[in-house]
Amino acid sequence: MMKDNKRKLDDLIVEVMEQMQKRKYGEKISSRYRSSFSSLRIISEGMGEAHLSEKLMESFLDSPVGCSEKWSKKERTHRLRCIRLLKSLEQDGSIDWGRQKPENLSRAIPINAFHMDLERFIRQMEDRELRPNTMCGYKRIVTYFLIFCQKNGYTSLSDVKANDVTRFILSLYNDGRFRPTTIGSALSGLRKFLSANESTERFSMEIPVHLPRETKIIEVYSSEELDAVEKLLSSGIMTRRDTAICRLLLETGLRGTDVCSLELKDIDWEKDAIYIKQNKTKRTLTIPLKASYGNAIVDYIMEERPQIEDAHVFLRSFAPFKKLEAGAIWPILQKMENMAGIQKKGRVIGSRMTRHNAASCMLRAGVPMSDISAVLGHKDPNIVSVYLSTDASSLASCTLPLPAIRKGGDSNAE
């Protein structure tokens with residue numbers, strides 16, 4: 001019988017992460033890889049695959065992504081890179097750190113001066129430790145701007161003239177790359193780029209400050225679906241850990257990453273409060289410790305949680321027992337929905353759905369929007385206004401009565 005010399009998946013992941021640390025990868029980038037590798041581990045455990053098999057890689061690439069189509073493509077590219085790092089280590093004994101960029105937009109910039117401007121801007125973003133998605137969006141619009149400059153015959157940023165920025169923004173609309181309701185965050189990157197260069201700093205004033213926002217009707221669980229979820233969570237069918245996580249997400253609206261970062265010391269059992277420093281906003285948040293999810297957490301800690309010296313509340317269910325990564329939240333909520341018989345029907349998934357639902361429940365209960373904003377940890381309190389679309393009763397009370405139409409079609413006729 002031939003001996004299987006393949007290295008186990010866990011060994012490959014550990015070595016890749018150790019090499020990233022030696023290569024001084026930034027914490028945010030490393031965190032993203034840890035999250036992706038955590039998702040890969042969860043899938044491998046579910047399939048019973050201890051090695052990096054073709055079936056496992058295919059399942060990892062095909063696992064759903066809770067984001068827009070644009071970011072789904074970027075996430076798939078990232079997952080492919082994760083697999084490439086692991087596969088090269090398994091096959092060659094060394095990690096192939098090279099990046100594959102078949103559709104690198106910056107290649108459309110042949111002018112060296114513009115290339116240097118773009119690279120300088122990227123380094124500035126990395127120094128500020130911006131989020132990967134933010135950096136990608138900023139780089140994209142700046143690249144479009146430099147291509148626009150080239151098409152106008154410019155060879156350096158000093159050639160940019162008044163009204164060029166306005167014409168560039170209009171060209172993005174005409175080309176269908178952006179809409180006025182979706183370009184706002186990208187323009188922040190363009191403003192930073194222009195402001196960082198002496199020759200273009202004054203032209204940043206051409207970027208509009210206020211743009212129309214695209215307001216969508218927020219989707220939430222129906223009352224029947226919530227009843228089914230409550231029945232499931234009360235049945236004891238799900239693990240104690242997953243039950244506690246689901247209750248915490250559904251009732252508080254916390255982000256999945258914040259639930260995973262929750263530590264034992266953050267729970268004040270005497271004052272019935274939970275103190276959290278949000279990963280996204282870095283702000284401290286205090287939420288009430290309700291009996292529903294509080295009892296579920298106690299049940300998990302006392303009966304199921306591995307007895308190890310780790311400060312985090314929620315740990316992996318399998319060795320190595322350590323902090324549960326944010327990538328595990330989506331599969332937990334997916335399992336909850338499947339077991340409760342909830343049909344997704346193209347709706348948002350993951351902790352975004354539970355945040356929407358928590359905000360909607362608080363709004364229907366009469367909680368002021370300022371308080372809802374504080375609980376959800378929004379920087380802008382006005383963002384909560386989008387949840388008004390989930391409160392049918394309140395919306396109905398805002399409708400105006402139609403005037404009575406008398407015979408002849410004149411509402412004022414006597």
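One structure accompanies this document, and this report is about it. (Residues numbered from 1 in each chain as written. Predicted model: local features only at pLDDT ≥ 70, side-chain atom pairs only at ≥ 80, totals over all residues. Heavy atoms only, no water.)

### Some thoughts on the pairing of strand β2 (residues 273–277)
The cut-off we apply is this: Being paired, for any two strands, means DSSP has found at least two bridges between them. A helix here means a DSSP run of H or I that spans at least four residues, while a strand means a run of E at least two residues long, and both kinds are numbered starting from the N terminus.
Here 2 bridges tie strand β1 (residues 267–268) to β2, and the two strands are oriented antiparallel to one another. Its bridge partner being in β2, Asp-268 is matched across the sheet by Ala-273. In this antiparallel pair of consecutive strands, β1 and β2, the connection spans 4 residues, and Asp-272 shows a positive phi of 55°. The sheet contact formed by β2 and strand β3 (residues 284–288) spans 5 bridges and is antiparallel. Note that in β3 the partner of Lys-277 across the bridge is Thr-284. With antiparallel pairing between neighbouring strands as the criterion, β2 and β3 make up a hairpin whose turn holds 6 residues, including Lys-282 at a positive phi of roughly 65°.

### Brief notes about helix α5 (residues 112–127)
Heads up, the condition is: An expected span of 1.5 Å times one less than the residue number is assigned to each helix. Think of it in three bands: with a 1.4 Å probe and only protein chains considered, a residue is buried below 20% of the maximum accessible area for its type, exposed above 50%, and partly exposed in between. To be clear, the arc concerns the directions from the helix axis to the C-beta atoms. Note on contacts: a residue pair qualifies if any of its non-hydrogen atoms lie within 4.5 Å across the two residues.
Relative to the 22 Å expected for 16 residues at 1.5 Å per residue, α5 spans 23 Å between its end C-alpha atoms, a close match to the ideal helical length. All of the buried residues in α5 are Phe-114, Asp-117, Leu-118, Phe-121, Ile-122 and Met-125. Summarising the axial view, the buried residues of α5 lie within an arc of 135°, below the 170-degree limit, and thus occupy one face. Looking at α5, the residues exposed on the side facing more than 90 degrees away from the buried face are Asn-112 and Asp-127. Contacts made by the buried residues of α5 are with α6 (132–151) and α8 (184–195). Looking at the residues trailing α5, positive phi occurs at Glu-129, about 55°.

### What about the sheet that holds β1?
Strand order in the open sheet made by the 3 strands is β1-β2-β3, with antiparallel pairing throughout. A single partner strand is all that each edge strand has here, and the edge strands are β1 and β3.

### Here's the deal with a nonpolar patch on the surface
The line we're drawing: Residues enter patches when they are more than 30% accessible in relative terms and free of salt bridges; like-charged ones are connected within 9 Å and nonpolar ones (Val, Leu, Ile, Met, Phe, Trp, Tyr) within 5 Å. Each accessible area value is a Shrake-Rupley result obtained with a 1.4 Å probe; residue values ignore everything except the protein chains displayed when judging cover. Salt bridges are defined as contacts in which a side-chain nitrogen from Lys or Arg sits within 4 Å of a carboxyl oxygen from Asp or Glu.
Among the surface-exposed residues, Trp-269, Val-298 and Met-302 lie close enough to one another that they form a single nonpolar patch of about 310 Å² accessible area. In this fold, Trp-269 is placed in the loop between β1 and β2. By relative accessible area, which is 40% here, Trp-269 ends up partly exposed.

### With respect to the pattern of salt bridges
Enumeration according to the criterion identifies 16 salt bridges in this entry. The shortest N-O distance in the salt bridge between Lys-290 and Glu-251 comes to 3.4 Å. In this pair, Lys-290 is assigned in the loop between β3 and α12 (291–303) and Glu-251 in helix α10 (residues 240–252), connecting sequence segments 39 residues apart. For Glu-251, a relative accessible area of 27% puts it in the partly exposed group.

### Quick look at the side chain of Arg-316
Selection rule: Whenever a nitrogen or oxygen atom comes within 3.5 Å of another N or O atom, the pair is scored as a polar contact, on the condition that within protein one atom can donate a hydrogen and the other can accept it, and that pairs from neighbouring residues in sequence are kept only if both atoms are in side chains.
With respect to the secondary-structure elements, Arg-316 resides in the loop between α12 and α13 (329–340). For Arg-316, a relative accessible area of 9% translates into the label buried. Within polar-contact distance, the side chain of Arg-316 engages the backbone oxygen of Phe-318 at 3.4 Å. Residues contacting Arg-316, with those up to four places away along its chain left out, are Arg-41, Glu-45, Arg-241, Pro-306, Phe-321, Lys-322, Lys-323 and Leu-324.

Nothing here speaks to function; it is all geometry.
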